[in-house]
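# Breakdown of the fold
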Amino acid sequence: MKVASEAQSPTAEVLSAPRPHPAGQLSLVPLWALFVLTLRQHVHGRRWIVMAVLFLLPAGLAVLIRSTAPDAPPAVIEFLLAFMFIPQALLPLVALVYATGIIQDEQEEQTLTYLLIRPIPRWAIYLVKLLATLTTTIVLTAVFTALTYTAVYIGSSSGFADVSRRCLTAIWIHGLSVAAYCCLFGLIGLYTRRALVAGILYAAVIEGLLANLPFGLRFITVIYYARVLAYRSMDFTLTDHGRKVDLADAAWQLDVRNDPGLEGHPQLQACVLVLTIAGLACAAFGALLCARREFHVKTPEGS
Amino acid sequence: MHPELPREVAGPPEVKPVVEFHEVSKWYGNVIGINKLSVTVPAGVTGLLGPNGAGKSTLLQLATGQLYPSQGRVRVLGRGVWNNPSLNRHIGLCPEQDAFYEWMTGRDFVYTCARLGGLSRPAARDAAGRALETVGMTRHQDRAVRGYSKGMRQRTKLAQALVHDPDVLFLDEPFTGTDPVARRELMAIIRRLGAEGKSVLVSSHVLHEVQTLTPNIILLNRGRLVAEGHVRQIRDLIDKHPHHIVLVCDEYRRLAGRLLAWDDVEGVRVQARNRSVVVETHAPDAFYGRLPELALEDGLAIQEVYSDDDNLDAVFKYLVNK
């Protein structure tokens, strides 16, 4: 077979033809398009409705408790809902549902092909989709946390400024927690097709059980750092019949009585740093994994 | 490639191949998708033929960088395809799977693909409009994809493959599930793309579909290359093997008797229903050369002569069944 010289080759002309962006350069246009596409995917379908209904639960429970037990202190309701129910149950769940499907959903719905054949590096596909997932879950968490605070404190004697400050602090802590969960579950979603099962096991055993034991093992849980963050930045004590009660002490196994300064626990900055670094490490590892592995999209031929 | 067939490469010899597979194997665990495949695809329209499970989709997924070869090297437009996203500006794929973002309209879907391809908003809008017009979907572009017929879905998939004006198009079973009218129209579109200078690799397991699109074919079976080249070249390749020629004649039985006496005739089969005989020969040129004499003999007026092997179907069956 005769081989053409480069001058005769159509490939040389083709590759030098004007394109939206020169070869090798990473353009922001497809990345932004992917970000928008992922956001739109998140707000379509039943998943969005289920998540919204679940996130309405704390606000609904607050209304129910306040209407059936008008004497219940709002601070107790706030602690139970905003610092027990939401971080323990809802945040891992929302992260699990959205983050494990970052790539897996596209793969199962066979639409991943449309992303893989675009001028977007594989690592960027993962990171951009993760970023969109973080945006969705953080916005969802912020809106419904604010709604919960509204339901807990509306009509109470608590000052607006104080409640707003507490609400913003809760949103900040929840946002950081859900981001860490998303990064972790996103990585799990790349590792196993049974990411939902693995994630539920993780949330139940590691976050649910280990975090509540006063041992060093809880240092590997997200919820532990979220609790220390909350305890260091908010006051969870209230006066009951002249006696000061610390709601978080017993519930979070912080041993405040023997260690009032929480010397045995990380500082606020350290908690933020640990959650941020852990999240970034999971994201980077996920991106690396995504760049190196191939994704088999089922074809009707089955080959 | 079939071991007995001499290696031929299709297309004009002066032109560098658009797609090159060099000793490529791809296996999924114990299952072999592609087996030591070396093949080149020239510029223009090329048909990728093979039965279901032959490895056509695997080949296209390797060529578009979705899969990494277990062995060997894949190049498109002279460049490696794995983890080479900039190459994707030059290639388009119409995948086999019937998958979409179902909640989108056709226009939205193609526009989104254009944006993912790196086009600015106005450019993507224009390109989506053009691509949808090319595939005849302008009228239905504002309907949700979930309500589309199979033919409309295939056209929309083709539109997303075309929207960024790629130089090389990979079409995986683009006619599957389409009605005859849609099929004809899709074929016309593909022929037009070829005429416009695009390189198109069309996979199909239906021979007549590809036959009407291009004479350049690649035959795959069980992950192996069976043959490649112009359909004529392939027919020439199988001349080493019995070549079938059909002679239609009223006195077909007498004709069969005469033909049996010829040294280069391997066998003769009578087809009473068609009033014809099928001759099996290894020397078709010599046979055709002596045929006029026979036709002139009294009572042996041969009404029609044609080769079964001119039909791609026959070539395909012959080669694949080997």
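Note that residues are indexed from 1 along each chain, following the sequence as it is written. Numbering of ligands from 1 and lettering of chains from A proceed in the order in which they are written. A pLDDT threshold of at least 70 governs which residues receive local features in this predicted model, and a stricter bar of 80 or more applies before side-chain atom pairs are shown or counted, although totals over entire chains, interfaces and linings include all residues. Computation of side-chain values covers all heavy atoms of the structure but excludes hydrogens and water.

Secondary structure assignment for chain A yields 12 helices and two strands. Whether a residue is buried, partly exposed or exposed follows from its accessible area with a 1.4 Å probe, protein chains only, as a fraction of its type maximum: under 20%, in between, or over 50%, in that order. The buried share of chain A, taken over its 303 residues, is 49%. A fraction of 77% describes how many contacts in chain A between residues 6 or more apart in sequence connect residues 24 or more apart. Residue-level accessible areas treat just the shown protein chains as cover; the underlying method is Shrake-Rupley with a 1.4 Å probe. For chain A, the exposed surface amounts to about 14100 Å²; the carbon and sulfur share of it is 68%. Helix and strand definitions follow DSSP, with helices as H or I runs of at least four residues and strands as E runs of at least two, each counted in order from the N terminus. Whether two residues are in contact is decided by their heavy atoms, any of which lying within 4.5 Å being enough.

All right, on to the side chain of Arg153(B) then. All names here are of chain B. Take Arg-153: it is sitting in helix 4 (residues 150-162). The exposure class assigned to Arg-153 is buried, which follows from its relative accessible area of 7%. If we ignore the near neighbours within four places in the chain, the residues touching Arg-153 are Asp-98, Phe-100, Glu-102, Val-145, Arg-146 and Tyr-148.

A separate point is the sheet that holds strand 4 (residues 71-76) of chain B. Residue and element names in this part refer to chain B. Two strands pair if DSSP finds at least two bridges between them. Here four strands make up an open sheet; going across it, the order is 2-1-4-5 and the pairing antiparallel. In this open sheet, the two strands that pair with only one neighbour each are strand 2 (31-41) and strand 5 (79-80). As defined by bridge partners, strand 1 (residues 19-28) adjoins strand 4 across five bridges and the pair is classed as antiparallel. Along strand 4, the bridge assignment pairs Glu-20 with Arg-75. Docked against the sheet, helix 1 (residues 56-63) engages strand 1, strand 2 and strand 4, running at close to 120 degrees with respect to strand 1. Lines fitted to C-alpha atoms define the axes here, with helix axes fitted over just the stretch in contact, and angles between the N-to-C directions of these axes take values from 0 to 180 degrees.

Burial within helix 2 (residues 106-116) of chain B is extensive, with 10 of its 11 residues counted as buried. Buried within helix 2 of chain B are the following residues: Gly106(B), Asp108(B), Phe109(B), Val110(B), Tyr111(B), Thr112(B), Cys113(B), Ala114(B), Arg115(B) and Leu116(B). Where helix 2 of chain B is buried, its residues contact helix 2 (28-42) and helix 6 (112-116) of chain A together with helix 3 (121-134) and helix 4 of chain B. The first or second residue beyond helix 2 of chain B is Gly118(B), which carries a positive phi of 100 degrees.

Moving on, we come to the layout of surface pockets. All names here are of chain A. A cavity, in this analysis, means grid points on a 1 Å lattice covering only the protein atoms where a 1.4 Å probe fits yet has no way out; a pocket is instead an open set bounded by protein on both sides within 12 Å along at least five of seven lines, and a residue lines either one if it has an atom within 4 Å of a point. Grid points are joined across faces, edges and corners, and a volume is the space filled by probe spheres set on the points. Its volume calculated, the largest pocket comes out at about 490 Å³. Lining of the largest pocket is provided by 21 residues; of these, Gln-41, His-44, Arg-47, Asp-105 and Glu-109 occupy positions nearest its centre. Elements with a minimum of two residues in the lining of the largest pocket: helix 2, helix 3 (46-68) and helix 5 (101-108). When residues are sorted by character, Ala, Val, Leu, Ile, Met, Phe, Trp, Tyr, Cys and Pro go into the nonpolar class, Asp, Glu, Lys and Arg into the charged class, and all the rest, Gly among them, into the polar class. Across the lining of the largest pocket, the residue classes tally to six nonpolar, seven polar and eight charged.

Stacked, tilted and edge-to-face pairs are distinguished by plane angle, under 30 degrees for stacked and over 60 for edge-to-face with tilted covering the rest, among Phe, Tyr and Trp rings (Trp via its six-membered ring) whose centres lie within 6.5 Å. Across all of its chains, the model carries 20 aromatic pairs over all chains by this definition. Judged by centre distance (5.6 Å) and plane angle (35 degrees), the rings of Phe55(A) and Phe144(A) are tilted. Pair noted here: Phe55(A) is in helix 3 and Phe144(A) is in helix 7 (residues 122-153), with a separation of 89 residues, a long-range link. Neither Phe55(A) nor Phe144(A) differs from the other in exposure class; each is buried. Taking the centre distance of 5.2 Å and the plane angle of 40 degrees together, the rings of Phe79(A) and Trp252(A) count as tilted. With Phe79(A) in helix 4 (residues 74-99) and Trp252(A) in helix 11 (residues 247-252), the pair connects residues that are 173 residues apart, well separated along the chain. You can call Trp252(A) buried: its relative accessible area is 1%. What links up through ring pairs into an aromatic cluster is the set Tyr114(A), Phe100(B), Tyr101(B), Trp103(B) and Phe109(B).

Now for the sheet that holds strand 8 (residues 199-204) of chain B. Residues and elements named next belong to chain B. On the basis of which strands lie adjacent, the open sheet formed by six strands has the order 6-7-8-3-9-10 and mixed pairing. Two strands lie at the open edges of the sheet, namely strand 6 (91-94) and strand 10 (224-230), each paired on one side alone. In this sheet, adjacent strand axes meet at a mean angle of 15 degrees when their direction is disregarded. The sheet contact formed by strand 3 (residues 45-49) and strand 8 spans five bridges and is parallel. Each residue of the ladder has a partner; that of Val-45, found in strand 8, is Val-200. In the packing of helix 4 onto the sheet, contacts are made with strand 6 and strand 7 (168-172), and the angle to strand 6 comes to roughly 170 degrees.

Residue and element names in this part refer to chain B. For chain B, the mean per-residue pLDDT works out to 84, and 87% of the residues sit at or above 70. Predicted confidence in chain B is weakest over helix 10 (residues 312-320), with a mean pLDDT of 64, and strongest over helix 2, with 96. In the model, residues 1-13 has pLDDT below 50 throughout and makes 33 contacts with residues more than four positions away in sequence or in other chains. Every residue gets a pLDDT, meaning the predictor's confidence in that residue, from 0 to 100.

What makes a nonpolar core is a set of buried Ala, Val, Leu, Ile, Met, Phe, Trp, Tyr and Cys residues whose side-chain atoms join them at distances within 4.5 Å. In this structure, Phe83(A), Ile103(A), Tyr149(A), Phe185(A), Phe236(A), Trp252(A) and Phe109(B) are the most contacted members of the largest nonpolar core, which totals 129 residues. For this core, the element with the most residues is helix 8 (residues 160-191) of chain A, which contributes 17 residues. Residues within four places of Phe83(A) in sequence aside, it is in contact with Glu78(A), Tyr149(A), Ala170(A), Ala230(A), Met234(A), Phe236(A) and Trp252(A). Within the second largest apolar cluster, 29 residues are counted, among which are Val24(B), Leu48(B), Leu59(B) and Leu93(B).

This brings us to the environment of Gly286(A). Residue and element names in this part refer to chain A. With respect to the helices and strands, Gly-286 occurs in helix 12 (residues 268-292). The exposure class of Gly-286 is buried, given its relative accessible area of 0%. Sequence separation between Gly-286 and Phe-219 is 67 residues, and the spatial gap between their C-alpha atoms is 22 Å.

All names here are of chain A. In this fold, Leu-31 is placed in helix 2. Considered as a pair, Leu-31 and Tyr-98 are 67 residues apart in the sequence and their alpha carbons are 19 Å apart. Here Leu-31 is in contact with Leu-26, Ile-120, Ala-124 and Val-128, once residues within four sequence places are set aside.

Now for unusual backbone geometry. All names here are of chain B. Its identity is not glycine, yet Lys-36 carries a phi of approximately 45 degrees, on the positive side. Classification of Lys-36 by relative accessible area gives partly exposed; the value is 49%. In this model, Leu-77 sits at a positive phi of 50 degrees, which is unusual for a non-glycine residue. Position of Leu-77 among the secondary structure elements: in the loop between strand 4 and strand 5. Overall, Leu-77 belongs to the buried group, its relative accessible area being 4%.

Attention now moves to empty space enclosed by the protein. For the coordinates displayed, the defined rule picks out four cavities of 30 Å³ or more. Estimated volume of the largest cavity: approximately 110 Å³. Lining the largest cavity are 13 residues, and of these Leu116(A), Arg122(A), Gly65(B), Asn83(B) and Asn88(B) lie nearest its centre. Its residues placed into classes, the lining of the largest cavity shows six nonpolar, five polar and two charged.

The next thing to look at is the packing of helix 4 of chain A against helix 7 of chain A. Residues and elements named next belong to chain A. The contact between helix 4 and helix 7 brings their axes to 11 Å, and the two run at 160 degrees. Viewed along their axes, helix 4 and helix 7 adopt a mutual orientation that is roughly antiparallel. Along this stretch, helix 4 crosses helix 7, giving a crossing that reads as right-handed. Where helix 4 approaches helix 7, its residues Pro-74, Ala-75, Ile-77, Glu-78, Leu-81, Ala-82, Phe-83, Ile-86, Leu-91, Val-94, Tyr-98 and Ala-99 are matched on the opposing element by Thr-133, Thr-136, Thr-137, Leu-140, Thr-141, Thr-145, Thr-148, Tyr-149, Val-152 and Tyr-153. Class assignment of the residues belonging to the contact of helix 4 with helix 7 gives a composition of 15 nonpolar, six polar and one charged. Each angle is binned into one of four classes, with values under 35 degrees roughly parallel, values over 145 roughly antiparallel, values of 65 to 115 roughly perpendicular, and all other values oblique. Here a crossing is taken to be left-handed if its near helix is turned anticlockwise relative to the far helix by less than a right angle, and right-handed if that turn runs clockwise.

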